[in-house]
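Survey of secondary and tertiary structure
Each chain, letter by letter, is given below.
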Amino acid sequence: MAYSIPSDQEVEDALRYVMRRVKGVNSLRKLRKLVIKELKNSDPQYTVGMDRLRKIAVTAPFIQTEIYAVQGKKKKDLKGKCPVCGNRLEKTRNETLFGGSVTLGYKCKECPYWTTLKRRIPIRYNFEHKAEEKKDEDSEPERDND
Ligand SMILES: [Zn+2]
């Protein structure tokens, strides 16, 4: 079977529609199923991969993501990149008694992922719909802002 690849905007639109309807989804796999079903309304050949959908979902302004993670066994270099969304990680520091600071771990600037120096490995996600900040608070249907 042939597949077509939807644009980020199309995935986001499908995601927004799904989240408005279901309010919350407790797994990425389930979310993907719902989003694909929605995408297929526009094009029966549309699909979206887990990694791509995860990156779009965790940074979407209308989704509150909870990341469940387990502690990795050893220190691992994250190379400054978030394992969830691929964006840049920021060091989290603590000031020491001696006026310096030590790195405690990292947190993502774009999504809720954080980790100590022993890497937290994401294992599960929970997605909740949240209201988007809108410029005017009327009941007009939303338009694409492009
Ligand atoms: Zn991230």
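Our subject is the structure that appears above.
Here's a quick rundown of the structure. Fair warning: this is a prediction, and the values are worked out from it, not measured in the lab. Here the residue numbering is sequential within each chain, running from 1 through the sequence in written order. With the structure being a predicted model, the display of local features is reserved for residues of pLDDT at least 70 and the display and counting of side-chain atom pairs for 80 or more, all residues being used for whole-chain, interface and lining totals.

Helix packing for two helices is described by the angle between their axes and how far apart those axes are. Every axis corresponds to a line fitted to the C-alpha atoms, with the helix fit spanning only the stretch in contact, and the corresponding angles, defined between N-to-C directions, vary from 0 to 180 degrees. Put simply, DSSP H or I for four residues or longer makes a helix, DSSP E for two residues or longer makes a strand, and each gets a number counted from the N terminus. Two elements in contact, helix H1 (residues 8-22) and helix H2 (residues 28-39), have axes whose closest approach is 9 Å; the angle formed by their N-to-C orientations is 115°. The two elements H1 and H2 cross, and the hand of that crossing is right-handed. Between H1 and H2, the contacting residues are Glu 10, Val 11, Ala 14, Leu 15, Tyr 17, Val 18 and Val 22 on the first element and Leu 34, Val 35, Glu 38 and Leu 39 on the second. In the contact of H1 with H2, the residues fall into nine nonpolar, no polar and two charged. By definition, any crossing whose near helix is turned counterclockwise from its far helix by less than a right angle is left-handed, and any crossing with a clockwise turn is right-handed. Once C-beta atoms are placed from the backbone, any two residues with those atoms within 7 Å are in contact. We call Asp, Glu, Lys and Arg charged. Ala, Val, Leu, Ile, Met, Phe, Trp, Tyr, Cys and Pro are nonpolar, and the rest, Gly among them, are polar.

Spanning 12 residues, H2 covers 16 Å between terminal C-alpha atoms, matching the ideal 16 Å at 1.5 Å per step. Elements in contact with the buried residues of H2: H1, strand E1 (24-25), helix H3 (50-59) and strand E6 (118-129). What a helix is expected to span follows from its residue count: subtract one and scale by 1.5 Å.

Next up on the list: the nonpolar core. In terms of nonpolar packing, the biggest core is built from 27 residues, with Leu 15, Val 35 and Ala 57 touching the most fellow members. If you count residues domain by domain, this core takes at least three from each of domain 1 (8-65) and domain 2 (68-124). Apart from residues no more than four positions distant in its own chain, Ala 57 is found in contact with Leu 15, Leu 31, Ile 63, Thr 65 and Phe 127. As used throughout, a nonpolar core is a set of buried Ala, Val, Leu, Ile, Met, Phe, Trp, Tyr and Cys residues joined through C-beta atoms within 7 Å of each other. Exposed residues have 12 or fewer other C-beta atoms within 10 Å of their own C-beta, buried residues have 20 or more, and partly exposed residues fall in between, where C-beta atoms are placed from the backbone. Boundary definitions for the domains trace back to an automatic or database domain assignment.

Time to look at the pairing of strand E3 (residues 89-95). Relative to strand E4 (residues 101-108), E3 runs antiparallel, the two being bridged by seven bridges. Residue pairing in the sheet places Glu 95 in a bridge with Ser 101 of E4. Hairpin remark: E3 followed by E4, antiparallel, with five residues in the connecting loop; positive phi at Gly 99, about 85°. Note on pairing: two strands pair once DSSP finds at least 2 bridges between them.

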